[in-house]
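The primary structure of each chain is shown beneath.
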Amino acid sequence: MKFVMTQAICPEGMERLKKETDGNVEIYVADHQDPNYYLDEMKEADALIVRIAKCDSHVMENSPNLKVLGRTGVGYDSVDVKKATELGIPVVITPGANNRSVAEHAVAMMFALAKNLYEGQTEMAKGNWEIRGAKKAFELEGKTVGVIGLGAIGRETAKICQGIGMKIAGCDPFMEREDVEALGISYYEDYRELIQNVDIVTVHVPLTEETKDMIGAEELASMKETALVINCSRGGIVNEEALCQALRDGEIAGAGTDVFCKEPPKPDDPLLHTPNLIVSPHAAAQTREAVIKMAAMCVDGCLAVCRGEKWPYVADKAVYDHPKWADK
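Just so we're clear, the structure is a prediction, and the values are computed from it rather than from any experiment.

Student: Now, about the packing of aromatic side chains: what can you tell me, with residues and values included?
Tutor: In this structure the tally under the stated criterion is three aromatic pairs. Geometrically, the ring pair formed by Tyr-28 and Tyr-38 is tilted, given 5.9 Å between the ring centres and 55° between the ring planes. With Tyr-28 in strand β2 (residues 26–29) and Tyr-38 in the loop between β2 and α2 (39–42), the pair connects residues that are ten residues apart, well separated along the chain. You can call Tyr-38 buried: its relative accessible area is 6%. Relative to Trp-325, the ring of Tyr-320 has its centre 5.0 Å away and its plane inclined at 80°; by these criteria the two rings are edge-to-face. Taken as a pair, Tyr-320 and Trp-325 share a single burial class, namely buried.

See the structure below:
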């Protein structure tokens, strides 16, 4: 059995892979984001694990032995899932493995912005003690956070915010009003209405054609001038150019993003040089605990598929309608 990895999974994940195969596994770690550059290795690959990388149709069409694609996370916009499904190749994902880590990161960004921590430190380093009187800091207790997307990460974020005394509003097209309100969350059918009425917006939806640029110039202009925007989901859901302009113009008070349209961003990317905007390098899910859980779940799923088992945690369950799965 051969596993190809765009980047190595954690040591614990590697050990699990070797243990579960009794050491009968060949592992090739490319340290390159695009498998098109090592198609020779892909020709014999049973599994491809994609971390911060991509996998397009050309890779799949030139990997005749490929049985499964693994993603150490829940986002799969970098993988051509449609093509994989056409070929009967399940795309294994790891839902639940990083919920707490991403939720804590989103709330950490809220705290950092609410207490003006980044500007306070950078100005102090310049000798500006008077930054303490900037009058930007505020308490989160009693403020309303609007959660767009009430999946596992969105719900975990809401739970933490409730624990520190915040009010929660939520919008999710896949949930009914009664289900949202049962969580102690005020229901909004339209996210555009939600963002007009809350103090903080936090985004927890996948990047799709429907969610791309869902928060743009018009939506940002409709928010409170004191509002914050947090994006720990995917770059492109909040329009980057519009976000930077809204911050420069004072239309909103601050923002935090862990994700970018182009990763890694170039040093001159406006997101790295806009006032009242804090950033992190797509690291919300990179805690020690989450990395181990994601690797373990990905390895287990990939091995199950290689054994001919229908692993439940895949990007598109329609893959099992393919003829190659008819007798499984």
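Student: I'd like to hear about unusual backbone geometry, residue by residue, with values.
Tutor: The omega angle of the peptide bond from Glu-263 to Pro-264 is -5°, so this bond is cis rather than trans. Here Pro-264 lies in the loop between β11 (254–257) and β12 (277–279). In this structure, Asp-22 takes a positive phi of about 55° despite not being glycine. Along the chain, the position of Asp-22 falls in the loop between α1 (11–20) and β2. With relative accessibility at 66%, the residue Asp-22 sits in the exposed group. The phi torsion at Asn-116 lies on the positive side, around 55°, for a residue other than glycine. Relative to the helices and strands, Asn-116 resides in the loop between α5 (99–114) and α6 (117–125). On the accessibility criterion, Asn-116 (15% relative accessible area) is buried.

Student: Would you mind going over the sheet that holds β2 in detail, with residue names and values included?
Tutor: Strand order in this open sheet of five strands is β2-β1-β3-β4-β5, and the pairing throughout is parallel. Each of the sheet's edge strands pairs with one partner strand only, and the pair in question is β2 and β5 (91–92). As paired strands, strand β3 (residues 47–50) and strand β4 (residues 68–71) are joined by four bridges and run parallel to one another. The residue bridging Leu-48 from the neighbouring strand is Leu-69, located in β4. Set on the sheet, α1 makes contact with β1 (2–5) and β2; between it and β2 the angle comes to about 155°. Packing against the sheet, helix α12 (residues 288–306) makes contact with β1, β3, β4 and β5, and its axis sits at approximately 170° to β4.

Student: Pulling in residues and values, what's your account of the sheet that holds strand β6 (residues 144–148)?
Tutor: Spatially, β8-β7-β6-β9-β10-β11-β12 is the arrangement adopted by the seven strands of the open sheet, whose pairing is parallel. Among the strands making up the open sheet, the edge pair consists of β8 (186–187) and β12. Looking at chain direction, strand β9 (residues 200–203) and strand β10 (residues 228–231) are connected through four bridges and run parallel. Its bridge partner lying in β10, Ile-200 is registered against Leu-228.

Student: Give a description of α12 that names residues and reports values.
Tutor: Between its terminal C-alpha atoms α12 stretches 27 Å, which fits the 27 Å expected from 19 residues at 1.5 Å a residue. Of the residues flanking the end of α12, it is Gly-308, one or two places downstream, whose phi is positive at about 90°.

Student: I'd love a proper account of the pairing of β2, names of residues and values included.
Tutor: Bridge analysis of β1 against β2 gives four bridges, and the strand direction is parallel. Bridging across to β2, Phe-3 finds its partner in Ile-27. As a crossover connection, the stretch from β1 through α1 into β2 is right-handed.

What counts and what doesn't
- Residues numbered from 1 in each chain as written.
- Predicted model: local features only at pLDDT ≥ 70, side-chain atom pairs only at ≥ 80, totals over all residues.
- Heavy atoms only, no water.
- Phe/Tyr/Trp six-rings, centres within 6.5 Å; stacked < 30°, edge-to-face > 60°.
- Helix = DSSP H or I, 4+ residues; strand = E, 2+ residues; numbered from the N terminus.
- Buried < 20%, exposed > 50% of the residue type's maximum accessible area, 1.4 Å probe, protein only.
- Pairing = 2+ DSSP bridges.
- Contact = heavy atoms within 4.5 Å.
- Axes fitted to C-alpha atoms, helices over the stretch in contact; angles between N-to-C directions.
- Expected span 1.5 Å × (residues − 1).
- Right-handed = clockwise from strand over helix to strand, strands pointing away.

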